[in-house]
Amino acid sequence: MRLLLILAVILLMPLCHAAKPLPPLVELSGIDFKGGAADLYGSIMAGEINVNYVYAQPTGGRSTLSKTFNLASIPDQPMFLHLKGRDDDGPQQCTIAVELNGKPLFEGRNDFREDEWLTHKFPIPADALKVGENTLVIANKEAEGRVGMPPWFQVAKCFIAG
């Protein structure tokens, strides 16, 4: 029995000394992005500040958020985009696309709710981040709609981290 206890301690020791998580590489609020409609409707929504929103494709620049940022290095660990968002109050979730440097992180009906902010994480492909300039795009992919009406998608915050 004593031998089993010693063996268990030896096997679990690496878990006790795991490396601390790295701080986020990038932290953004909705209004850090170019595009969207925060300039029309304000950036405070449902308890969040610095929110931006994207409307359907026919609204042109109001349908896409984009942000370019620079990285000095890329960590040698899996990275994720953590996105805090909220869906519209329409009958179904709208279709969105999230891309990093042209590589898709997500495309389809979003899994966010209309009545609360949720944060979802999306895996970033190993070759998507690069040293130097990077561009993150969040777009509403709905084919029909107008500014001020569903379908819309709101972005409060996002960050890239392990």
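Refer to the preceding data block for the structure.
Residues numbered from 1 in each chain as written. Predicted model: local features only at pLDDT ≥ 70, side-chain atom pairs only at ≥ 80, totals over all residues. Heavy atoms only, no water.

## Concerning the pairing of strand β5 (residues 79–87)
- Burial runs high along β5: nine of the nine residues are buried.
- Residues M79, L81, L83, G85 and D87 line one face of β5 and the alternating positions F80, H82, K84 and R86 line the opposite face, and both faces are buried. (Buried < 20%, exposed > 50% of the residue type's maximum accessible area, 1.4 Å probe, protein only. Helix = DSSP H or I, 4+ residues; strand = E, 2+ residues; numbered from the N terminus.)

## Brief notes about the nonpolar core
- Ranked by size, the top nonpolar core spans 26 residues in total, and within it L81, L83, I124, L136 and F153 carry the most contacts.
- Contributing elements (two or more residues each) for this core: β1 (26–29), β4 (64–71), β5, β6 (95–100), β8 (118–124), β9 (132–140) and β10 (152–161).
- The leading source of residues in this core is β10, at four residues.
- Residues A37, Y55, W117 and A156 belong to the second largest nonpolar core, which totals seven residues. (Core = buried A, V, L, I, M, F, W, Y, C linked by side-chain atoms within 4.5 Å.)

## What to know about the packing of aromatic side chains
- Within the structure shown, the criterion is met by five aromatic pairs.
- A network of ring pairs unites the aromatic residues Y41, Y53 and Y55 as a single cluster.
- The ring of W117 has R86 sitting right over it, with the charged end atom 5.7 Å from the ring centre.
- Sitting above the plane of the F80 ring, K121 keeps its charged end 4.5 Å from the centroid. (Phe/Tyr/Trp six-rings, centres within 6.5 Å; stacked < 30°, edge-to-face > 60°. Lys NZ or Arg CZ within 6 Å of the ring centre and 35° of its normal.)

## What about the environment of E107?
- Inspection of the secondary structure assignment puts E107 in strand β7 (residues 103–109).
- Classification of E107 by relative accessible area gives exposed; the value is 52%.
- For the pair E107 and I96, spaced 11 residues apart in the sequence, the C-alpha separation amounts to 5.7 Å.
- Each residue touching E107, except ones within four places of it in the same chain, is listed here: I96, A97 and K141. (Contact = heavy atoms within 4.5 Å.)

## As for unusual backbone geometry
- Looking along the chain, the bond that leaves P150 and enters P151 is cis, with omega of 10°.
- Assignment of secondary structure puts P151 in the loop between β9 and β10.
- Phi at N101 is positive, roughly 50°, even though this residue is not glycine.
- Locating N101 in the fold gives a position in the loop between β6 and β7.

Keep in mind these values describe shape, not function.
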